[in-house]
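Coordinates in review
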Amino acid sequence: MPYSLQYDISGLLILIVIISLFYFKRTLPSYPNRTFALLVITIFLSVFFNLIRYAVFSYFSLSPSFALWFYGLHLLLISIVPVPFVLYICALTNTLDFLSRSKLRFLLLAPLLINIILTAVSFKYPLIFTVDENNVYIRLPQVYIIYFFMFCYLAAGFVILIKNRRSVPKMSVHIIFLFSVTSFISSLFQMYFPDSSMHSLIISLNVLIVSLTVQKSEDTSDAITGLYNQTAFEAMNFKRFVGGEKFHILGIVFDDLPFLTSTLGMRHIHELLKQSSAFLKNTLKNVDVYHFNDGKFCIAFRNNDLEAVYECIDAIKERFVHPWKLNSIEVKIFPRISIISCPKDADSTETVIELFELLSSDDKYKQEGVILASSMDTAIRKRSAYIDRTVKNAISEGLLDVFYQPIYCTKQKRIIGAEALIRMKDERGKYISPEEFIPIAEKNGTILRLGEFVFEKVCRLLSEIKPEDFGIQKIDINLSVVQCMQETLADQILNIASLYRIPSSLLNLEITETAAAYSQDTLKSNMNKLSVAGIELSLDDYGSGYSNIGYMINLPFDMIKIDKSIVWNAFLDDKSYTALAFTISMINALKMTVLAEGIETKEQADSLTSLGCHFLQGYYFSEPLPKDVFLQLLHHQNIELKAQGLIFEKGAKPAEEMNHIKKPSFTGTGYGSLAGIEELEELDSIEEADA
Ligand code: C2E
Ligand code: CA
Ligand code: CA
């Protein structure tokens, strides 16, 4: 088969495209990438020399010894190509280590050595090839030794791939498999038709396919900054963690980035991230800079030199003293910086990410200078581990209880129900805040059992008393995001309620916006079932997050609970007050009821009543109370109402003034002592004596 220039030229062009892609895309210096680069370069050289040997020798008459060199080099390159191919497969299948340690390394290199010797000898004596007086290339029969070894390499790569196929994505296995088969066929072809250059084109196309599929599957650069991302961090540092290497990492978190995003807009924040990443990349030497997400930068040092770390910190601090110019505006950014010494502070990527989360979420690290991860993690991480253990054993060890925070109706001017709030004691009897243990319970899965516990407790209470005797019209129960994601949620709730024979109208379930955001379809079908069954549904913490009005409109909510932060802000500045006033009238216009949380003063209670809130909840009325104290509070309310001639009955007239009721003076946040009970009992005995 005659030589055809087009094949070699097309092959070369394809290879140039691949090499450029490799160069311009931020490619990780990982083993698969490095071995792939080696493979592409050797193929490029072999095609290039093939082109040269024909092109040059067809047009110029060169000395036989020069021609000999060209042919020799070309043959040598052909015989080398399968070696990076095997290395690439080993890198993909994570077997490089094994290869470098075992005697296999010798086995891998021996054929290559033989090829080199055979070729080198042929320069002097006609051993595997030679040229005649017209510079025509003549292959001698021994040349098949070279091809034999090539096939051995291909077979070895093939076997390694099949044996370790589970460590490589299925698609990659299929593609490399095809690569091996087509390369084998095309090498056979080349062996029989040494003048044909089709082999060059086939191999180049194969490499192109691998580079667009197998190589592309790892997405390691951050779209905004162009820096390496978290996946790249994992890939590049995995071996260091496993090997217990000592090195330092700097964690940098931009303070208030979510706030800045909402005020400055995404465009400016992207500009900020671009500028700051360019600064970090260009200024800091001997480090790898990563952008995990949302202004969380990670700088990994290549050695264990603490002095270099502090030099970097100085450079960063010096830059961040000055504002950043973003298009037309200037902003000053406060970075939180932490030094993580590996493996002491973090021995895996997950721990590094955990430390980042701590650094960004805990406001005590705000503008604190430089934080040593060792000081940061011990307290908080130990606490999380402790709570994780406690919450797992809480039900079996009887550490849980449910408290009730009274809800006041502005129209009836009295308490008509309560929000059930979970309480958990630690082993020393101290209460742990649900704000602290609920997120942990959500992570470790116990939240489903906790949710069931609260629901059963409420149902039991309602089945043990006659709610109307106490003036209870409803009890609110919180649902966690995780509960809302369960397809069986509605059925479970309705089952338990019917088991205790609780009328649905006595129950109100509080759902947060986050739950709606996470699993809208599941949530919607659960909500529809519950709503049809007559259970009231509230949107909890309205105003604390994004306040997506879509959820309010599209999901069957009966009540909106305005978050306490919104209430408190309204009494600090006029604009927030106006916003709150409009929010309440909007909810009213949408024909839903409104409850305002966090009412702590008479002024707040009066204002919110006049703004049109149907229900109020907060420390002004009462803190969350243990069940008995709550029932006694309602009992006293009834006595007050009776005394005013406004005995609670169906259709009773509203009481004049709620504050006339003798409130049990239960103190603390509900996590504190139960002193209130004794006071109430005292109150009862005084009343009995009066009677
Ligand atoms: P939440 O649903 O917003 O509950 C209201 C929280 O505000 C309660 O905190 C309550 O004690 C507090 N609070 C009420 N009025 C005032 C006030 O006037 N001033 C102040 N400073 N605070 C007030 P708590 O009981 O610590 O609960 C915190 C959060 O934990 C709850 O926020 C809720 O998200 C979650 N939680 C509590 N119990 C449960 C439960 O049974 N299940 C689930 N999934 N979450 C629960
Ligand atoms: Ca709530
Ligand atoms: Ca709330």
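Nothing here was measured: the structure is a model prediction, and the numbers come from that model.

**Considerations on the coordination of the calcium ion (ligand 2)**
- Surrounding the calcium ion (ligand 2) are the protein donor atoms E419 (OE), N478 (OD1), E510 (OE) and D540 (OD), which sit 2.1 to 2.3 Å from the metal.
- One chain supplies every donor to the calcium ion (ligand 2), and in sequence these donors are spaced E-x58-N-x31-E-x29-D.
- Separation of the calcium ion (ligand 2) from the calcium ion (ligand 3) amounts to 3.7 Å, with D540 serving as a shared donor to the pair. Within this pair, whereas E510 is found in strand β14 (residues 507-512), its partner D540 is found in strand β15 (residues 536-542), the two being separated by 30 residues in sequence. Both residues of the pair, E510 and D540, count as buried.

**Brief notes about the coordination of the calcium ion (ligand 3)**
- All of the protein donors around the calcium ion (ligand 3) are D540 (OD), D541 (OD), E597 (OE) and E597 (OE); their distances to the metal are 2.0 to 2.8 Å.
- Each donor residue of the calcium ion (ligand 3) lies on the same chain, and together they follow the pattern D-D-x55-E.
- Assessed through its relative accessible area of 6%, D540 is described here as buried.
- Judged by its relative accessible area of 27%, D541 falls in the partly exposed class.

**Remarks on the sheet that holds strand β3 (residues 247-254)**
- Across the sheet, five strands lie side by side as β4-β5-β3-β8-β9; this open sheet has mixed pairing. In this open sheet, the two edge strands, each paired with only one partner strand, are β4 (287-293) and β9 (370-372). Averaged over all pairs of adjacent strands, the angle between strand axes in this sheet comes to 20 degrees, irrespective of strand direction.
- Pairing analysis gives six bridges linking β4 to strand β5 (residues 296-301), with the strands arranged antiparallel. Along β5, the bridge assignment pairs Y290 with C298.
- Lying on the sheet, helix α12 (residues 266-283) is in contact with β3, β4 and β5; it crosses β5 at an angle near 10 degrees.
- Of the strands in this sheet, β3, β4, β5, β8 (335-342) and β9 touch helix α14 (residues 349-361), which is tilted by about 35 degrees from β3.

**Digging into a nonpolar patch on the surface**
- On the surface, I162, F177, L178, V181, F184 and I185 cluster together into a nonpolar patch covering about 500 Å² of accessible area.
- Per-element accounting of the nonpolar patch gives the leading share, five residues, to helix α8 (residues 170-192).
- Mapping V181 onto the fold places it in helix α8.

**A look at helix α6 (residues 104-124)**
- Under the 1.5 Å per step criterion, the end-to-end length of α6 is 32 Å for 21 residues, consistent within 8% with the ideal 30 Å.
- Of all the bends in α6, the greatest, near 25 degrees, is centred on A110, and the proline P111 appears no more than four residues after it.

**Describing the side chain of H74**
- Tracing the backbone through its elements, the reader meets H74 in helix α3 (residues 64-80).
- Setting aside residues no more than four positions away along its own chain, H74 makes contact with S46, F49, N50 and R53.

**Some words on the pattern of salt bridges**
- Taken as a whole and judged by the stated rule, the model has 17 salt bridges.
- Across the salt bridge formed by D255 and R336, the nearest N and O atoms sit 2.6 Å from each other. Linking D255 in the loop between β3 and α11 (257-264) with R336 in strand β8, this pair joins segments that are 81 residues apart in sequence. Accessibility assignment for this pair places D255 and R336 in one class, buried.

**Considering the environment of Q275**
- Considering the arrangement of structural elements, one finds Q275 in helix α12.
- For Q275, a relative accessible area of 23% gives the class partly exposed.
- Each C-alpha atom, one on Q275 and one on W324, is 8.1 Å from the other, the two residues being 49 residues apart in sequence.
- With sequence-adjacent residues up to four places away left out, Q275 is seen in contact with W324, K325 and L326.

**Focus on a negative patch on the surface**
- Where like charges cluster on the molecular surface, the negative patch consists of D305, E307, E311, D314 and E318.
- Residue placement: E318 occurs in helix α13 (residues 306-320).

**Overview of the domain arrangement of the protein**
- When the domains of the protein are assigned, the result is domain 1 (5-217), domain 2 (221-376) and domain 3 (385-683).
- A C-alpha centroid distance of 41 Å is found between domain 2 and domain 3.

**Let's talk about the pairing of strand β10 (residues 400-409)**
- Most of β10 sits out of view: nine of its 10 residues are buried.
- Once β10 ends, the chain turns through four residues before running back antiparallel as strand β11 (residues 414-425), passing K413 with a positive phi of about 55 degrees.
- With two bridges joining them, β10 and strand β19 (residues 625-626) adopt antiparallel strand pairing. Paired with F403 across the strands is P626, a residue of β19.
- As paired elements, β10 and strand β18 (residues 615-616) share two bridges and run antiparallel to each other. The partner of Y408 across the bridge, within β18, is L616.

**What to know about the packing of aromatic side chains**
- On inspection of all chains with the given rule, the structure shows 27 aromatic pairs.
- Both rings, one in F279 and one in F320, keep their centres 6.5 Å apart while their planes meet at 75 degrees; by these two values the pair is edge-to-face. With F279 in helix α12 and F320 in helix α13, the pair connects residues that are 41 residues apart, well separated along the chain.
- According to the relative accessible area criterion, F320 is buried, its value standing at 5%.
- Ring geometry for F403 and Y431: centres 5.8 Å apart, planes at 65 degrees, overall edge-to-face. Remark: Y431 occurs in strand β12 (residues 431-432) and F403 occurs in strand β10; sequence separation between them is 28 residues.
- A residue is classified by how much of its surface remains accessible, and F403, at 1% relative accessible area, is buried.
- When its relative accessible area of 15% is taken as the criterion, Y431 is described as buried.
- Taken together through their ring pairs, the aromatic side chains of Y228, F233, F241, F247, Y290, F292 and F356 make up a single cluster.
- Lying over the aromatic face of Y31, R34 brings its terminal NZ or CZ to 5.1 Å of the ring centre.
- One residue, R319, lies across the ring of W324, its end atom 3.6 Å from the ring centre.

**Side note on the pairing of β14**
- Among the six residues in β14, six count as buried, and that is most of the element.
- Here β14 shows two buried faces, one formed by L507, L509 and I511 and the other by N508, E510 and T512.
- Sheet topology places strand β13 (residues 474-478) next to β14; four bridges connect them, and they run parallel. Of the residues in β14, the one forming a bridge with I475 is L507.

Parameters at a glance
- Residues numbered from 1 in each chain as written.
- Chains lettered and ligands numbered in written order.
- Predicted model: local features only at pLDDT ≥ 70, side-chain atom pairs only at ≥ 80, totals over all residues.
- Heavy atoms only, no water.
- Donors = N, O, S within 2.8 Å, 3.2 Å for Na, K, Ca; no water.
- Helix = DSSP H or I, 4+ residues; strand = E, 2+ residues; numbered from the N terminus.
- Buried < 20%, exposed > 50% of the residue type's maximum accessible area, 1.4 Å probe, protein only.
- Pairing = 2+ DSSP bridges.
- Axes fitted to C-alpha atoms, helices over the stretch in contact; angles between N-to-C directions.
- Contact = heavy atoms within 4.5 Å.
- Patch = residues over 30% accessible without salt bridge, like charges linked within 9 Å, V, L, I, M, F, W, Y side chains within 5 Å.
- Areas by Shrake-Rupley, 256 points an atom, 1.4 Å probe, with all protein chains shown as cover.
- Salt bridge = Lys/Arg side-chain N within 4 Å of Asp/Glu carboxyl O.
- Expected span 1.5 Å × (residues − 1).
- Bend = angle between axes of the 7 residues up to and from the residue.
- Lys, Arg positive; Asp, Glu negative; His and termini not counted.
- Charge placed at Lys NZ, Arg CZ, Asp CG, Glu CD.
- Domains from an automatic or database assignment.
- Phe/Tyr/Trp six-rings, centres within 6.5 Å; stacked < 30°, edge-to-face > 60°.
- Lys NZ or Arg CZ within 6 Å of the ring centre and 35° of its normal.

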